[in-house]
Amino acid sequence: MNMTSLPALDALEKTELIETDAVVIGAGPCGLFAVFELGLLDIKAHVIDILDRPGGQCAELYPEKPIYDVPALPVVSGQELTDRLMEQIKPFAPVFHFSERIDALSRTGDGRFRLTSDAGTEFLAKVIVVAAGGGSFTPKRPPLEGIEAYEGKSVFYSVRKMETMRGRDVVIVGGGDSALDWTLNLAPIAKSLTLVHRRDEFRAAPHSVEKMRKLVAEASVRLLIGQVTTLEGEAGQLSSLVVKTAGGPERVPCNAMLPFFGLTMKLGPVADWGLNLHENLIHVDTERFESSEKGIFAIGDINWYPGKLKLILSGFHEAALMAQAAHKVVYPGKKLLFQYTTSSSSLQKKLGVK
Ligand code: FAD
């Protein structure tokens, strides 16, 4: 396929306005459980996360490590906890927006909130639940001269729409789960796909590594062991890059490079939303877990109150009380009856078990 027939890489960015009861910022364990507690009270949620998958720290930093202090689960890995939470919130059909960061937040004339993501998605919501944990996961930039000029044009740290990679010479750099997952996903649609990793050992899940090696054996993917040293192109558009290998430098055609070098956590845009902060954490009360702005709640690692413990179980408790308070904002004047899931047929109907 000829490059000139391809749409610009950023042409498929969206601009749409989504109206919803609640927007949950962050799909970590606390954001996921918030969907459950809100759902029981008929509050529909959209969930946004910078990462390309749910689970926050549990899935990104310690998917295989055992957690021993989640009530009633004597041992559960970070990934299993995420999977179980995803299963638990299924009845409430939350809408996920992955690989998007909420950048701006403001109040509209009718008391709702307008949120804008870095992909151009706009939300109008009655309540906001900030479950942003330690803040934004930010991709680590490879130490390559001039890379900034290519970022967002032909160097990407996440893939928002697979279609943008169709027919391109794609180079993926890294040896972890993201690098391997995207190698497997993009190999069928890319014109060529080269995976570059500094050594012939991978940190990714063994079954992904096995699948990748099969694609390499079939010549659907090229594996290069070495390090990218030079980017070549102009006006932000890559045409090739040079990889230093044991056999000498190799020039690889490339018009989309995806480096997956891990993530660091920074507070990010949360700091600019005008909320009262305590040492970079959102100051909340312990009855409603509401911030200094009515209708904006904060739960999990991102909030602070006297005695706060950054534990998953604390975030779960906070989600339950937050939902009771959010109900008053979403349904003003409507009485809320306290009910148990064991005995309430109406809650069981919502959960799809009745
Ligand atoms: P996070 O898990 O941090 O998730 C927040 C999410 O918000 C992230 O995915 C982030 O990408 C997203 N986000 C942030 N800003 C934005 C934005 N502007 N737009 C869109 N998305 C955004 N806790 C325990 O209880 N028991 C343990 O044994 C335990 N072990 C741990 C071991 C390790 C190695 C680590 C690092 C932590 C451990 N923790 C443990 C702590 C636990 O992981 C955290 O308390 C928990 O993950 C907090 O959940 P959260 O949902 O508040 O935030």
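Residues numbered from 1 in each chain as written. Predicted model: local features only at pLDDT ≥ 70, side-chain atom pairs only at ≥ 80, totals over all residues. Heavy atoms only, no water.

S.K.: Describe unusual backbone geometry, naming the residues involved and giving the relevant values.
M.R.: Even without glycine at this site, N280 takes up a positive phi of about 70 degrees. Residue placement: N280 occurs in the loop between β17 (277–278) and β18 (281–283). In the Ramachandran plot, F289 falls in the positive-phi region, its phi being about 55 degrees despite a non-glycine side chain. Assignment of secondary structure puts F289 in the loop between β18 and β19 (296–298). (Helix = DSSP H or I, 4+ residues; strand = E, 2+ residues; numbered from the N terminus.)

S.K.: Outline the sheet that holds β17, supporting the account with residue identities and numerical values.
M.R.: Strands sit in the order β17-β18-β20 across an open sheet of three strands; the sheet is mixed. Looking along the sheet, the strands with just one partner apiece sit at the ends: β17 and β20 (303–304). In terms of strand pairing, β17 meets β18 through two bridges, oriented antiparallel. Bridge pairing in β18 places L277 opposite I282. (Pairing = 2+ DSSP bridges.)

S.K.: Describe the site of the ligand, listing the residues and the values that go with them.
M.R.: The environment of the ligand is made up of 33 residues, and the closest members are D49, Q57, Y62, D69 and D301. Note that a nitrogen atom of the ligand is positioned 2.9 Å from one of the backbone N or O atoms of I102. One of the side-chain nitrogen or oxygen atoms of D301 is found 2.8 Å away from an oxygen atom of the ligand. In the complex, the protein chains occlude 87% of the 990 Å² of accessible area that the ligand would expose alone. (Near = heavy atom within 4 Å. Polar contact = N/O pair within 3.5 Å; in protein donor to acceptor, adjacent residues only side chain to side chain. Areas by Shrake-Rupley, 256 points an atom, 1.4 Å probe, with all protein chains shown as cover.)

S.K.: Describe the domain arrangement of the protein chain, listing the residues and the values that go with them.
M.R.: Domains assigned within the protein chain are domain 1 (3–137 + 264–350) and domain 2 (141–261). If you average the C-alpha positions of domain 1 and of domain 2, the two centres end up 32 Å apart. (Domains from an automatic or database assignment.)

S.K.: Break down the pairing of strand β14 (residues 248–253) for me, with residues and values.
M.R.: Both strand β13 (residues 237–245) and β14 contribute to a ladder of six bridges, which runs antiparallel. Residue V243 lies in a different strand from β14, and its bridge partner there is E250. The turn linking β13 back onto β14 is made up of two residues.

S.K.: Explain helix α3 (residues 78–89) residue by residue, including any values.
M.R.: In this model, α3 (12 residues) spans 17 Å end to end at C-alpha, consistent with the 16 Å of a helix rising 1.5 Å per residue. Among all positions in α3, only G78, L81, T82, L85 and I89 are buried. Axial view of α3: buried residues confined to an arc of 100 degrees, hence all on one face. Residues of α3 that are buried sit in contact with α1 (29–40), α2 (56–60), β3 (66–67), β4 (76–77), β5 (95–98) and α6 (312–330). (Expected span 1.5 Å × (residues − 1). Buried < 20%, exposed > 50% of the residue type's maximum accessible area, 1.4 Å probe, protein only. Arc of directions from axis to C-beta. Contact = heavy atoms within 4.5 Å.)

S.K.: I'd like a description of the environment of I18, backed by residues and values.
M.R.: Within the fold, I18 resides in strand β1 (residues 16–25). Of the residues examined, I18 reaches a relative accessible area of 11% and is grouped as buried. When the C-alpha atoms of I18 and G31 are compared, they prove to be 19 Å apart, with 13 residues separating the residues in sequence. Apart from the residues lying within four places of it in its own chain, the contact partners of I18 are H46, H97, T121, E122, F123 and L124.

S.K.: How would you explain the layout of surface pockets if you had to name every residue and give the values?
M.R.: Empty space among the atoms can be located by rolling a probe the size of a water molecule over them. In this model, the second largest pocket occupies a volume close to 480 Å³. Lining the second largest pocket we find 38 residues, and of these Q57, A131, A132, G133 and G134 sit closest to its centre. Where the lining of the second largest pocket is concerned, the elements lending two or more residues are α1, β2 (45–49), α2 and β9 (136–139). Its residues assigned to classes, the lining of the second largest pocket shows 22 nonpolar, 10 polar and six charged. (1 Å grid on protein atoms, 1.4 Å probe; cavity = no way out; pocket = protein on both sides within 12 Å on 5 of 7 lines; lining within 4 Å. Points joined across faces, edges and corners; volume = space filled by probe spheres on them. Nonpolar A, V, L, I, M, F, W, Y, C, P; charged D, E, K, R; others polar.)

S.K.: So what about helix α4 (residues 177–186)? Which residues, and what values?
M.R.: Burial of α4 is extensive: seven of the 10 residues sit out of reach of the surface. For α4, the complete set of buried residues consists of S178, A179, L180, W182, T183, L184 and L186.

S.K.: How would you sum up the packing of aromatic side chains? Please name residues and give values.
M.R.: Scanning the model with the defined rule gives six aromatic pairs in all. Ring geometry for F33 and F316: centres 4.8 Å apart, planes at 40 degrees, overall tilted. A residue pair is termed long-range when its members are at least 10 positions apart, and F33 in helix α1 and F316 in helix α6 qualify at 283 residues. Taking relative accessible area as the criterion, F33 reaches 12% and is therefore assigned buried. On the numbers, 5.6 Å between centres and 80 degrees between planes, the contact of F36 with F92 is edge-to-face. On the criterion of sequence distance, the pair formed by F36 in helix α1 and F92 in the loop between α3 and β5 is long-range, its members being 56 residues apart. (Phe/Tyr/Trp six-rings, centres within 6.5 Å; stacked < 30°, edge-to-face > 60°.)

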